[in-house]
Amino acid sequence: MKTAYLKSLLVAAFCLFAVTGRAEMPEIVLSMNGHKITAEVARTDPDRAQGLMHRRMLPENRGMLFVFTDITLHGMWMMNTYIPLSVAFLDSNGVIINIADMEPHTRNSHTATRPAKYALETNQGWFKKRDIKPGAKVEGLTQAPPPK
């Protein structure tokens, strides 16, 4: 009986992976100006490419941290993304370079204005509601696993 249950559980996990196209990403808690956000960490090429695509909602105080292998002018777009998002590009010290609002299902590129090591996506307006602006420091990035 236990073996059949474990096999069923493994099949269900495999199906979930096949449908979502990825395994669960690690999560870390970040803070800025006293505000906390729990972020999934996209550190591999497939996870960075998938991002928040195909999701229908993002809970408040949740986001996705993109950890890049190179420090350069990274850009984000919203193809197949249903949720309006804001993205903050961060330098290697965790300082916010710039923040851009992004509309769902668009191919407009939103780019860092200086070379960035990270990008943090949140629900649109999350940074503005908390008066978090370029120059603010994001704490907790040392918890992020390194990029692959």
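Basis of the calculations
Residues numbered from 1 in each chain as written. Predicted model: local features only at pLDDT ≥ 70, side-chain atom pairs only at ≥ 80, totals over all residues. Heavy atoms only, no water. Helix = DSSP H or I, 4+ residues; strand = E, 2+ residues; numbered from the N terminus. Polar contact = N/O pair within 3.5 Å; in protein donor to acceptor, adjacent residues only side chain to side chain. Contact = heavy atoms within 4.5 Å. Pairing = 2+ DSSP bridges. Axes fitted to C-alpha atoms, helices over the stretch in contact; angles between N-to-C directions. pLDDT = per-residue confidence, 0-100. Core = buried A, V, L, I, M, F, W, Y, C linked by side-chain atoms within 4.5 Å. Buried < 20%, exposed > 50% of the residue type's maximum accessible area, 1.4 Å probe, protein only.

Draft legend 1. Spatial organisation of the side chain of H74. Position of H74 relative to the elements: it lies in the loop between β3 (62-72) and β4 (75-76). A polar atom in the side chain of H74 sits 3.4 Å from the backbone oxygen of A116. Those residues in contact with H74 that lie beyond four places of it in its chain are F68, F89, H110, T111, A112 and A116.

Draft legend 2. Examining the sheet that holds strand β1 (residues 27-32) more closely. Pairing is mixed in the open sheet, where 6 strands are placed in the order β1-β2-β3-β8-β5-β6. On the outer flanks of this sheet lie β1 and β6 (96-102), each paired with one strand and no other. On average, each strand axis in the sheet is inclined to that of its neighbour by 30°, with strand direction left out of account. In the sheet, strand β5 (residues 85-90) pairs with β6 via 6 bridges, with the strands oriented antiparallel. Each residue of the ladder has a partner; that of S86, found in β6, is D101.

Draft legend 3. Representation of the confidence of the model for the chain. Considering every residue of the chain, the mean pLDDT works out to 88; 84% of them sit at 70 or more. Of the regions scoring below 50 in pLDDT, residues 1-22 engages in 8 contacts with residues more than four places distant in sequence or in other chains.

Draft legend 4. Spotlight on the nonpolar core. Among the nonpolar cores identified, the biggest contains 20 residues, and L30, M32, L65, L90, I96 and L120 are the most heavily contacted of them. Residue assignment for this core shows that the elements contributing at least two residues are β1, β2 (35-42), β3, β5, β8 (116-123) and α3 (126-129). For I96, the contacting residues outside a window of four places in its chain are M32, A88, F89, L90, I132, K133, P134, G135, A136 and V138. In this structure, A42, L85, F89 and A112 belong to the second largest nonpolar core, which totals 19 residues.

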